[in-house]
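Examination of the molecular architecture
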Amino acid sequence: MPARRGGSVEAAPADLQQGLPPVIDRHTRVLILGSFPGAASLAARQYYAHPRNQFWPLLGALLGEPLPELPYAERLTRVLAHRVGIWDVLGACVRPGSLDSNIRHPQANDFERLRQLAPALRRVGFNGGTSGRFAPQFAAAGYETVVLPSSSPAHAARTFEQKLELWRALLSQSRP
């Protein structure tokens, strides 16, 4: 499908990858936005499927749930029960491999739909710096925002415990 850019119609690249659908509902109060699913996640059609990604252990520790040990569908059910949602800032892009630095032809998700899909949404957490570039846009729309250290295995500058301490800001004073 052609993408509109600057008033002209440009054909989408043949290797354009499509992201995953949002995991949100009408009760979602906190939304975690990544950049775009990595290769393992796209292949599995599951958010944060790479076994070394710390997303599920971090979120499980925050919510008091054994998320890493659960089947994927049950993880999503438990996360939604805590009024937390998961999505990405990009709905499509070209990216060989899984590094955000390789993203080309980025296409943002349609965030205008958020008010309808998740009317209770109050806070948006950004999983890493790439998605964090969208924080000002969400703040301008009236959401509380917090940019979190990336859960990706490519970002090993902080220990799990250091990341967890910073991720606590996601739920502070706004526990879903």
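The numbers attached to residues start from 1 for each chain and follow its sequence in the written order. Given that this is a predicted model, residues contribute local features only at a pLDDT of at least 70 and side-chain atom pairs are listed and counted only at 80 or more, while totals for whole chains, interfaces and linings are drawn from all residues. Values reported for side chains reflect all heavy atoms of the structure, with hydrogen atoms and water molecules removed beforehand.

The next point concerns the overall build of the protein chain. A tally of helices and strands in the protein chain yields seven helices and nine strands. As a reference, a globule follows 2.2 Å times the number of residues to the power 0.38, and the radius of gyration itself is taken over C-alpha atoms. Scaling as 2.2 N^0.38, a compact globule of 176 residues should have a C-alpha radius of gyration of about 16 Å, and the protein chain matches this with 16 Å. Along the first, second and third principal axes, the C-alpha set of the protein chain runs to 50 × 35 × 30 Å. Only heavy atoms enter the contact rule, under which two residues are in contact if any of them lie within 4.5 Å. Across the protein chain, every contact between residues at least 6 apart in sequence was considered, and the portion connecting residues at least 24 apart equals 62%. Each accessible area is a Shrake-Rupley result for a 1.4 Å probe, and residues are judged covered by the shown protein chains and nothing else. Accessible surface, the protein chain as shown: approximately 9100 Å² in total, 52% of it carbon and sulfur. Helix and strand assignments follow DSSP, with helices taken as H or I runs no shorter than four residues and strands as E runs no shorter than two, numbered in order from the N terminus.

Salt bridges are counted wherever a side-chain nitrogen of Lys or Arg sits within 4 Å of a carboxyl oxygen of Asp or Glu. A full pass over the atoms with the stated rule returns five salt bridges. Glu65 serves as the salt-bridge partner of Arg78, at 2.6 Å between the closest nitrogen and oxygen. Of the two residues, Arg78 is situated in helix 3 (residues 72-81) and Glu65 in the loop between helix 2 (55-63) and helix 3; the sequence distance between them amounts to 13 residues. Under the scheme applied here, a residue whose accessible area is under 20% of the maximum for its type counts as buried, over 50% as exposed, and between as partly exposed, the area being computed with a 1.4 Å probe on protein chains only. Take Arg78: its relative accessible area is 26%, and that puts it in the partly exposed class.

The next point concerns the sheet that holds strand 6 (residues 90-94). Two strands pair if DSSP finds at least two bridges between them. Sheet architecture is open: three strands sit in the order 3-6-7, paired in antiparallel fashion. At either margin of the open sheet sits one strand with a lone partner, and together these are strand 3 (17-18) and strand 7 (104-108). As paired elements, strand 3 and strand 6 share two bridges and run antiparallel to each other. Paired with Gln17 across the strands is Cys93, a residue of strand 6.

On any regular strand, side chains alternate: one points to one face of the sheet, the next to the other face. With five of five residues buried, strand 5 (residues 84-88) lies mostly within the body of the structure. Residues Val84, Ile86 and Asp88 point to one face of strand 5 and Gly85 and Trp87 to the other, with burial holding for every one of them.

Inspection of the secondary structure assignment puts Val30 in strand 4 (residues 30-34). The spatial distance from the C-alpha of Val30 to the C-alpha of His82 is 9.0 Å, given a sequence separation of 52 residues.

Right, let's get into the sheet that holds strand 5. Pairing between the strands of a sheet comes from backbone hydrogen bonds, and it takes one of two forms, parallel or antiparallel. Overall, parallel pairing links the four strands, which are arranged 5-4-8-9 in an open sheet. Each edge of the open sheet is held by one strand with a lone partner, namely strand 5 and strand 9 (144-148). Strand-to-strand twist of the sheet, defined as the mean angle between neighbouring strand axes without regard to direction, takes the value 20 degrees. Where strand 4 and strand 8 (residues 123-127) come together, four bridges link them in parallel fashion. For Leu31, the partnering residue across the bridge sits in strand 8 and is Val124. For helices, the axis comes from a line fit to the C-alpha atoms of the stretch in contact; other axes are also lines fit to C-alpha atoms, and the angle between any two N-to-C directions lies between 0 and 180 degrees.

The N-to-C vectors of helix 2 and helix 7 (residues 160-167) enclose an angle of 55 degrees; their axes lie 10 Å apart at closest approach. On the basis of the axis angle, helix 2 is oblique to helix 7. Remark: the crossing between helix 2 and helix 7 carries right-handed chirality. Between helix 2, through Phe55, Pro57, Leu58, Ala61 and Leu62, and helix 7, the contact on the second element is made entirely by Phe160, Lys163, Leu164 and Trp167. Amino acid classes used here: Ala, Val, Leu, Ile, Met, Phe, Trp, Tyr, Cys and Pro are nonpolar; Asp, Glu, Lys and Arg are charged; the rest, including Gly, are polar. Residues belonging to the contact of helix 2 with helix 7 are distributed by class as follows: eight nonpolar, no polar and one charged. An angle below 35 degrees is read as roughly parallel, one above 145 as roughly antiparallel, one from 65 to 115 as roughly perpendicular, and any other as oblique. Left-handed describes a crossing whose near helix is turned anticlockwise from the far helix by less than a right angle; the clockwise case is right-handed.

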